[in-house]
Amino acid sequence: MSEPTGRVLSDITISADGYAAGLGQTEERPFGDDGGDGSGDRLHAWMFDTPDENRAELDRLAAAGAFVMGRNMFGPVRGAWDRPWNGWWGENPPFHAPVFVLTHHAREPQPMQGGTTYHFVTDGIESALAQARAAAGDGDVLIHGGANTVNQYLAAGLIEELRLHIVPVTLGAGTRLFEGVPPLKLEQLGARSAKLVTHVTYRVL
């Protein structure tokens, strides 16, 4: 059987000072103190307020064959899965593909509407990536976040292309991209400025 040929990408929105979320994350405020109401309205306004202007980037975000995310991105539930939680995105999540959630607590796969199934991986980032690559076939795998998860994959040298959406706000504290990551050599592949965001794509060398 041939090896999957898809790429391993990461796609993440950050503030101008590098934070993907502010302090004080809760179930009601998944992005903590982002200077707005904590719902992510400031960091992710480019997705929801100006989607037509950013259609190419949104289409690329949705085009992956499989996704990997950390448990913190999946939801606020910690420890054992002692109450129902199927992500922030409702019964029909936007992924429409397998999603592999990193966790220390085993759980059976959770199928959702629209083709998304959450798979819960307890044996580390390389196992999650291997499972995602197998599920994606020749499609790309997107390391979706949050920043701590992206940092682990960057530190391990497992991300080939990094897509940053840089929003002109500063948070000053929170969960920061590149925290604890050794120095990287990046090749800029593209950049585009929009009203609420600047999109920059790098190849990780």
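None of the values given here were measured: they were computed from a predicted structure.

Draft legend 1. Expanded view of the pattern of salt bridges. Across all of its chains, the model carries six salt bridges by this definition. R7 serves as the salt-bridge partner of E161, at 3.2 Å between the closest nitrogen and oxygen. Remark: R7 occurs in the segment before β1 (8-15) and E161 occurs in strand β8 (residues 161-167); sequence separation between them is 154 residues. The partly exposed category is assigned to R7, whose relative accessible area is 34%. In this structure, D59 engages R55 in a salt bridge whose closest nitrogen and oxygen atoms are separated by 3.9 Å. Taken together, the residues D59 and R55, both in helix α2 (residues 55-61) and four residues apart, mark about one turn of the helix. On the basis of relative accessible area, D59 is assigned to the partly exposed category, the value being 43%. A network of salt bridges, in which partner residues are shared, links R7, D140, E161 and R163.

Draft legend 2. Representation of helix α5 (residues 147-155) within the structure. Within α5, the full set of buried residues consists of A147, T149, V150, N151, Y153 and L154. Just beyond α5, the residue with positive phi is G157, at close to 70°.

Draft legend 3. Looking closely at the packing of aromatic side chains. In this structure the tally under the stated criterion is seven aromatic pairs. Plain terms: the ring middles of W85 and W88 are 5.1 Å apart, the flat faces sit at 85° to each other, and that makes the pair edge-to-face. Taking the relative accessible area as the measure of exposure, W85 reaches 11% and is therefore buried. Using a relative accessible area of 27% as the deciding quantity, one classes W88 as partly exposed. A cation over an aromatic ring shows up here: R71 above the ring of W81, its NZ or CZ 3.6 Å from the ring centre. It is R107 that lies over the ring of W81; its NZ or CZ is 4.7 Å from the centre.

Draft legend 4. Focus on the sheet that holds strand β5 (residues 110-111). What the nine strands build is an open sheet, ordered β5-β6-β4-β3-β7-β1-β8-β11-β10; its pairing is mixed. The sheet terminates laterally at β5 and β10 (186-193), the two strands that pair on one side only. Two elements, β1 and strand β7 (residues 141-145), share three bridges in a ladder whose sense is parallel. Among the inter-strand pairings, L9 is bridged to a residue of β7, identified as L142. Lying on the sheet, helix α4 (residues 125-136) is in contact with β1, β3 (66-70), β4 (98-102), β6 (117-121) and β7; it crosses β4 at an angle near 175°. Each of β1, β3, β4, β7, β8 and β11 (198-204) touches α5; the most contacted strand, β7, lies at about 130° to it.

What counts as what
- Residues numbered from 1 in each chain as written.
- Predicted model: local features only at pLDDT ≥ 70, side-chain atom pairs only at ≥ 80, totals over all residues.
- Heavy atoms only, no water.
- Salt bridge = Lys/Arg side-chain N within 4 Å of Asp/Glu carboxyl O.
- Helix = DSSP H or I, 4+ residues; strand = E, 2+ residues; numbered from the N terminus.
- Buried < 20%, exposed > 50% of the residue type's maximum accessible area, 1.4 Å probe, protein only.
- Phe/Tyr/Trp six-rings, centres within 6.5 Å; stacked < 30°, edge-to-face > 60°.
- Lys NZ or Arg CZ within 6 Å of the ring centre and 35° of its normal.
- Pairing = 2+ DSSP bridges.
- Contact = heavy atoms within 4.5 Å.
- Axes fitted to C-alpha atoms, helices over the stretch in contact; angles between N-to-C directions.

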